[in-house]
Amino acid sequence: MYGGGYIYDKSSPAEQHQDDPAKLAEFEAKIDRGEKIEPHDWMPRDYRKQLIRMIEQHAHSEIIGALPEGTWITRAPGFRRKLALMAKVQDEVGHGQLLYNAAETLGKPREEMINDLLSGKSKYSNVFNYPAKTWGDTAVIAWLIDAAAIVNQVTNSKGSYGPYCRALERICQEESFHLKYGHDTVVYLATGTPTQRAMVQEALTRWWPPIMHFFGPPDKVSVHTEKLMRWKVKLASNDDMRQQFLNMYVPKIWELGLTLPDPNLRKNDETGQWEYTEPDWDEFFRVINGEGPCNAERLAVRNAAEENGRWVRRALMKPVGQYTQPLC
Amino acid sequence: MEALSSLHKEAIREFLYKMADDQLILGHRNSEWTGLGPLLEEDIAFSSMAQDKLGHALALYTILHEHLGEKDPDTIAFTRNERELRCCHLVEYPIGGYDFSLTRHFLFDTAEHLRFEMLAGSAFEPLAQVARKIKGEIKYHVLHAQTWMKQLGSATEESKARMQSALNETMPLALGIFEASPFEAELAEHNIFAGEHELRNRWLEVIAPTVADAGLVLPDIDALTPAYGGRQGYHTEYLQPLLTEMTEVFRIDPTVEW
Ligand SMILES: [Fe+2]
Ligand SMILES: [Fe+2]
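About the criteria used
Residue positions are given per chain, counted from 1 along the sequence in the order it is written. Lettering for chains starts from A, numbering for ligands starts from 1, and both go in the order in which the items are written. Selection of residues for local features in this predicted model requires a pLDDT of at least 70, selection of side-chain atom pairs for listing and counting requires 80 or more, and totals for whole chains, interfaces and linings are taken over all residues. Side-chain descriptors were evaluated using all non-hydrogen atoms of the structure, hydrogens and water having been removed beforehand. Here a helix means four or more residues in a row that DSSP labels H or I, a strand means two or more in a row labelled E, and each is numbered from the N terminus. With the radius of gyration taken over C-alpha atoms, the globule rule is written as 2.2 Å times the number of residues to the power 0.38. For the exposure calls, accessible area comes from a 1.4 Å probe over protein chains only, and a residue counts as buried if that area is under 20% of its type's maximum, exposed if over 50%, partly exposed in between. Donor selection uses N, O and S atoms within 2.8 Å of the metal (3.2 Å for Na, K and Ca). Since no water is included, sites may look incomplete. Under the classification used here, a metal with four donors is tetrahedral if each angle lies between 85 and 135 degrees, square planar if opposite donors are over 155 degrees apart and the others between 65 and 115, a six-donor metal meeting that same test is octahedral, and anything else is irregular. A carboxyl oxygen of Asp or Glu within 4 Å of a side-chain nitrogen of Lys or Arg is what we treat as a salt bridge. In this description, contact between two residues means that some pair of their heavy atoms is separated by no more than 4.5 Å. By buried area we mean the combined loss of accessible area, with a 1.4 Å probe, across both parts when two parts are placed together. Any pair of N or O atoms that falls within 3.5 Å is considered a polar contact. Within protein, one atom must be able to donate a hydrogen and the other to accept it, and sequence-neighbouring residues count only if both atoms are side-chain atoms. Aromatic pairing here means that ring centres of Phe, Tyr or Trp (its six-membered ring) are within 6.5 Å. Orientation follows from the plane angle: under 30 degrees is stacked, over 60 is edge-to-face, and everything else is tilted. For the purposes of this section, nonpolar cores are sets of buried Ala, Val, Leu, Ile, Met, Phe, Trp, Tyr and Cys residues that join through side-chain atoms within 4.5 Å.

**A closer look at the overall build of chain A**
Line of reasoning, step 1. Helix and strand content of chain A: 11 helices and 2 strands.
Line of reasoning, step 2. In sequence order, chain A lays out its α and β elements as α-α-α-α-α-α-α-α-α-β-β-α-α.
Line of reasoning, step 3. For chain A, whose C-alpha radius of gyration is 20 Å, the value lies close to the compact-globule estimate of 20 Å for 328 residues.
Line of reasoning, step 4. Taking the principal axes of its C-alpha atoms as reference, chain A extends roughly 65 × 60 × 35 Å.
Line of reasoning, step 5. Taking all 328 residues of chain A together, the buried fraction comes to 57%.

Below is the structure:
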């Protein structure tokens, strides 16, 4: 799972590196022709930088995202749910592995990416800074956060960097199972006893603002991303992806008789667009910058895992090769 | 197969419960590594093992349900109290460090592999069928454990020291796997299972060379006091909190589908 929109570097034009115009033209022509860029190909410095940043943060999102759901594996009710949740969270960790590898093909070692995560230099999806309070939360996460992630990842899989696209294609196949599992779990709660129903409704109400935040700030305030669009690093605007998500899932939520905490949420039949109350974007930025309910906890857990595992990694140490092969 | 006599039934029931409970509890413990492993690859490996163990527990509880008249697997797993469980102490311990979890995985899975190899020829056909499937899966886990024992036992001073002390700590617990049941003779006589003592001997033969290859020293078995009691329902202080956590959601309403 993953959310984008705030991940691009706001480097000032003065800092922008001047690339060789001939090589740049050749590179852009290649992208225009719909060809993929591969690790050994020439690429603008800024392209490499933005991609590393994007893929790395996606990878962090997968492994940090494993934490809130992971704490419910031990509490999942019954064999069927327990086995499915284990497999799901295992997939998420596997996604992290695939993505770190894809980012490594651009020249940044995994160790360094993890260090940047732990120091707070590198971010991860904001949604994981919120707690999964009940079993209902895990159901809502598995259905709707994964659904949002699929919208984002399917879009990104049409990008220009070969190893990232191939990783995303594999990831999306697995995500569709997560979505099914999440939907099934929500359906059982929504059609169950009053207690089960209340559990999932409360979770949905709690998670709606982070879900609305998921695709990032509205286009009118987002960082200028024209060049990234041209280079097929970014493929759709935040608002476009949010619209796509609302269009696919709000009707399904309502069908289950569940409600969403936004009285203004409706589809405008004339424009075909969804209207909604803007979520609190100040909160979004506060949470990104470390003030969310779980930022400290997530990093502390990750830090402890790194600390506790250091002796194992040291015992495996061998000379690192110069070049990282993409896993797919 | 002839109709099961009541003693015979009791013997099989007890036998299935202890094996299934081991799987359930160790599967639960292994799953606690999710998101916390020393490497992403090991997160994934421990999760695979956890899933397999849960799957084995489910298969064994299903035999109890279908052939011995016990309740359905979810009810059996999620509603019995601590005293009713028959798992050994080894599987109850918290995951500790990777050294402890890996050593437990090595010692337990090796025993498990040999156990199901023996059971593949059991006269109790439903169990034999499940055993043939399980032993194939565990083979890979044993290989995983052996590779890591060798790697960590001979890498750095620290890893060597950690693995040796984990082995010393784990051995008496592992011997508890083989606590004899009151039905050993009954099971052997009907060709259902050759016995815990026999399994223990085979196990010692298999673990000794791996331990030696890893550059570690096997503690003197005769000098150890095996951690018995689990098979009679006497458990460590770690089991009850695990059960409380495991059943937290299920207990809200054990009669409904989740
Ligand atoms: Fe994922
Ligand atoms: Fe997912």
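Let's pick the thread back up.
**What to know about the coordination of the iron ion (ligand 2)**
Line of reasoning, step 1. Donor atoms from the polypeptide that bind the iron ion (ligand 2) are A:Glu92 (OE), A:Asp146 (OD), A:Glu175 (OE) and A:His178 (ND1), placed at 2.0 to 2.2 Å.
Line of reasoning, step 2. The site at the iron ion (ligand 2) holds 4 donor atoms, and with the angles between them running 85 to 166°, its shape is irregular.

**Brief notes about the pattern of salt bridges**
All names here are of chain A.
Line of reasoning, step 1. Inspection of the entire model under this criterion finds 38 salt bridges over all chains.
Line of reasoning, step 2. The closest approach of N and O atoms between Arg242 and Asp239, which form a salt bridge, is 2.9 Å. Taken as a pair, Arg242 and Asp239 lie in helix H9 (residues 238–255) at a separation of 3 residues, close to a single helical turn. With respect to burial, Arg242 and Asp239 carry one shared label: buried.

**Side note on the environment of B:Leu54**
Line of reasoning, step 1. Looking at the element boundaries, B:Leu54 is found in helix H2 (residues 40–68).
Line of reasoning, step 2. We classify B:Leu54 as buried; its relative accessible area is 0%.
Line of reasoning, step 3. A C-alpha to C-alpha distance of 9.8 Å links B:Leu54 and B:Asp22, two positions 32 residues apart in sequence.
Line of reasoning, step 4. Look past the residues within four positions of B:Leu54 in its chain and what remains in contact with it is A:Phe79, A:Lys82, A:Leu83, A:Met86, B:Gln23, B:Leu24, B:Gly27 and B:His28.

**Quick notes on the interface of chain A and chain B**
Line of reasoning, step 1. Each partner contributes to the interface: chain A provides 42 residues, whereas chain B provides 49 residues.
Line of reasoning, step 2. Interface area, chain A with chain B, both sides summed: about 3800 Å², of which 70% is carbon and sulfur.
Line of reasoning, step 3. Salt-bridge contacts for A:Arg314 lead to B:Glu158; the nearest nitrogen and oxygen are separated by 4.0 Å.
Line of reasoning, step 4. Taken together, the links from chain A to chain B amount to 13 residue pairs in polar contact (both at pLDDT 80 or more).
Line of reasoning, step 5. Looking at the side of chain A that touches chain B, the elements that each hand over two or more residues are helix H2 (45–70), helix H3 (79–104), helix H6 (162–190), helix H7 (194–213) and helix H11 (295–315) of chain A.
Line of reasoning, step 6. Of all the elements, H3(A) adds the most residues to the side of chain A that touches chain B, at 14 residues.

**With respect to the packing of aromatic side chains**
All names here are of chain B.
Line of reasoning, step 1. On inspection of all chains with the given rule, the structure shows 24 aromatic pairs over all chains.
Line of reasoning, step 2. Both rings, one in Trp33 and one in Tyr98, keep their centres 5.9 Å apart while their planes meet at 85°; by these two values the pair is edge-to-face. Linking Trp33 in the loop between helix H1 (6–31) and H2 with Tyr98 in helix H5 (residues 98–119), this pair joins segments that are 65 residues apart in sequence. Across the pair, Tyr98 and Trp33 agree in class, each one buried.
Line of reasoning, step 3. Judged by centre distance (5.9 Å) and plane angle (65°), the rings of Phe46 and Tyr98 are edge-to-face. Of this pair, Phe46 sits in helix H2 while Tyr98 sits in helix H5, and the two are 52 residues apart along the sequence.

**Describing the nonpolar core**
Note that soluble globular proteins tend to have their nonpolar side chains buried in a common cluster.
Line of reasoning, step 1. Ranked by internal contacts, the top residues of the largest apolar core, which has 174 residues, are A:Trp135, A:Trp208, A:Phe245, B:Leu16, B:Tyr61 and B:Trp203.
Line of reasoning, step 2. Ranked by the residues each element gives to this core, the list is headed by helix H5 (residues 135–156) of chain A, at 13 residues.
Line of reasoning, step 3. Once you skip the residues sitting within four places of it in the chain, B:Trp203 turns out to touch B:Leu107, B:Thr110, B:Ala111, B:Leu114, B:Met171, B:Ala174, B:Leu175 and B:Phe178.

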